[in-house]
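What follows is the residue order along each chain.
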Amino acid sequence: MAGKEASPSDHFDLPADRKSVLTRKSYYRDNTTSGFTDARTITGSLDGKPAQKTCWEAHHIICEHAIGDRSFDDDAHKDYVEACLWITDWDLNNPKNMIGLPLRKAFKAGYVAQDVCCHQNDHNTKGGYTDECKDFMQVQIWNKLKKGQKFHTTDPQDIERFLVGASRHFDNALAARAARNGGTAQSWAKRHDTTWPLHATWYLPLSMAAVPVPRSPGVNTAAMTGVFSRI
């Protein structure tokens, strides 16, 4: 009809089958080949309790929540972004969006010899890694695709480039965070050394967040062993 404004779907043809995979799938662990991927199990006793558990988890660099919690100003914006996502050949579970990260029990068991953040530190907390990821995706991807829809300057298939770039951005961020204070391994090993100049911020490299929550190094069990031996 003359004078009718084109809908988002009029800008490009949508295939019958969705190309993108935006939710967690069963193969995501098998796709995790980088980072800390030690699948050994902790057996025997851990903190005085029986234990037999894996000491690592597979982490989606661009979190499922950061994709799923996308928001829009209006229906036209939503329709356009959803159409873009439909034709995008990108999998949330692809190897380049996966990294293995240790759990706290891995540090306690002495399994971590490389500089990687702990998957349980400042991940899903307020202002933590997931919130950072959500904010980044909203500003850098969803909002920019709205501009493309309005001014016809963004190729819908560019979203794949945006998603790959976002994944690379946070992969680099995690590597940089794990290198704080000379690295995770050093900070964990020296967390009880009060003569170490960085002792007060020992927790920085273990955190997944840009602004970590301060943490106590806990009880120095090695020192306590010496005390008990003299009793």
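Above this text sits the structure in question.
Residues take numbers from 1 onward in each chain, read along the sequence in its written order. pLDDT decides what is reported in this predicted model: residues at 70 or higher carry local features, side-chain atom pairs at 80 or more are listed and counted, and totals for whole chains, interfaces and linings draw on all residues regardless. Side-chain metrics rest on all non-hydrogen atoms present in the structure, leaving aside hydrogens and water.

**Here's the deal with the overall build of the protein chain**
Each helix corresponds to a stretch of at least 4 residues labelled H or I by DSSP, and each strand to a stretch of at least 2 residues labelled E; elements are numbered beginning at the N terminus. In terms of helices and strands, the protein chain carries seven helices and six strands. Each helix (α) and strand (β) of the protein chain, taken in turn from the N terminus, gives the series β-β-β-β-β-α-α-β-α-α-α-α-α. Relative to its full complement of 231 residues, the protein chain shows a buried share of 41%. When the accessible area of the protein chain is evaluated, it comes to approximately 13,000 Å², of which 51% is carbon and sulfur surface. Note on classification: 1.4 Å probe, protein chains only; a residue is buried when its accessible area is under 20% of the maximum for its type, exposed when over 50%, partly exposed between these limits. All accessible areas in this document rest on Shrake-Rupley with a 1.4 Å probe, and a residue is counted as covered only by the protein chains that are shown.

**Focus: helix H2 (residues 75-87)**
Expected span of a helix, by definition, is 1.5 Å for each gap between consecutive residues, and there is one gap fewer than residues. A rise of 1.5 Å per residue sets the reference length of H2, with its 13 residues, at 18 Å; its end C-alpha atoms lie 19 Å apart and thus fit the reference within 8%. Every buried residue belonging to H2 is among His-77, Tyr-80, Val-81, Ala-83, Cys-84, Leu-85 and Ile-87, and all of these are buried.

**A word on the packing of aromatic side chains**
In this scheme Phe, Tyr and Trp rings, the latter by its six-membered ring, pair at centre separations within 6.5 Å, and the angle between planes marks the pair as stacked below 30 degrees, edge-to-face above 60, and tilted otherwise. Summed over all chains, the structure comprises five aromatic pairs. Ring geometry for Tyr-129 and Phe-170: centres 5.5 Å apart, planes at 70 degrees, overall edge-to-face. Placement of Tyr-129 in helix H4 (residues 129-151) and of Phe-170 in helix H5 (residues 158-178) is noted, with a sequence separation of 41 residues between them. Like Phe-170, Tyr-129 is buried. Here the aromatic cluster, defined as three or more aromatic residues joined through ring pairs, consists of Phe-107, Trp-188, Trp-202 and Tyr-203.

**Notes on the nonpolar core**
Counting 46 residues, the largest nonpolar core has Ile-62, Ile-67, Met-137, Ile-141, Trp-142, Leu-145 and Ile-159 as its most contacted members. Of all elements in the fold, only strand E5 (56-60), helix H1 (64-68), H2, strand E6 (98-102), helix H3 (104-108), H4 and H5 reach the threshold of two or more residues within this core. Counting residues per element, this core draws most heavily on H5, which supplies seven residues. Residue contacts are defined here by distance: any two heavy atoms, one from each residue, within 4.5 Å place the two residues in contact. Discounting residues that sit within four places of it in the chain, Ile-62 has contacts with Ile-67, Trp-90, Leu-92, Asn-97, Cys-133, Met-137, Leu-163, Ala-166, Ser-167 and Phe-170. Buried Ala, Val, Leu, Ile, Met, Phe, Trp, Tyr and Cys residues form a nonpolar core when they are joined through side-chain atoms within 4.5 Å.

**What about the side chain of Arg-177?**
Residue placement: Arg-177 occurs in helix H5. Leaving out residues up to four positions away in the same chain, Arg-177 has contacts with Cys-117, Tyr-129, Glu-132, Leu-204, Pro-205, Ser-207, Met-208, Ala-209 and Ala-210.

**So, the pairing of E6**
The side chains of a regular strand alternate between the sheet's two faces. Most of E6 is tucked away: five of the five residues are buried. Of the two faces of E6, the one carrying Met-98, Gly-100 and Pro-102 and the one carrying Ile-99 and Leu-101 are both buried. Examined bridge by bridge, E5 and E6 share five bridges and lie antiparallel to one another. When the bridges of E6 are listed, Glu-57 appears paired with Leu-101. Here, strands pair whenever DSSP counts at least two bridges between them.

**Let's talk about the pattern of salt bridges**
Salt bridges are identified by distance alone: a Lys or Arg side-chain nitrogen within 4 Å of an Asp or Glu carboxyl oxygen. Counted according to the given criterion, the structure contains five salt bridges. Residue Asp-69 pairs with Lys-134 through a salt bridge whose shortest N-O separation is 2.8 Å. Residue Asp-69 is located in the loop between H1 and H2, and its partner Lys-134 is located in helix H4; the two are separated by 65 residues in the primary sequence. Judged by its relative accessible area of 42%, Asp-69 is partly exposed.

**Looking at the environment of Thr-125**
Mapped onto the secondary structure, Thr-125 falls in the loop between H3 and H4. Put simply, Thr-125 and Ala-209 are 84 residues apart on the chain and 9.2 Å apart in space, counted from C-alpha to C-alpha.

**A short note on unusual backbone geometry**
For Asp-122, which is not a glycine, the phi torsion comes out positive at approximately 60 degrees. For Asp-122, the location among the structural elements is in the loop between H3 and H4. In this structure Asp-122 comes out as buried when scored by relative accessible area, which is 2%. For Asn-181, which is not glycine, the phi torsion reads 60 degrees and is therefore positive. When its relative accessible area of 13% is taken as the criterion, Asn-181 is described as buried.

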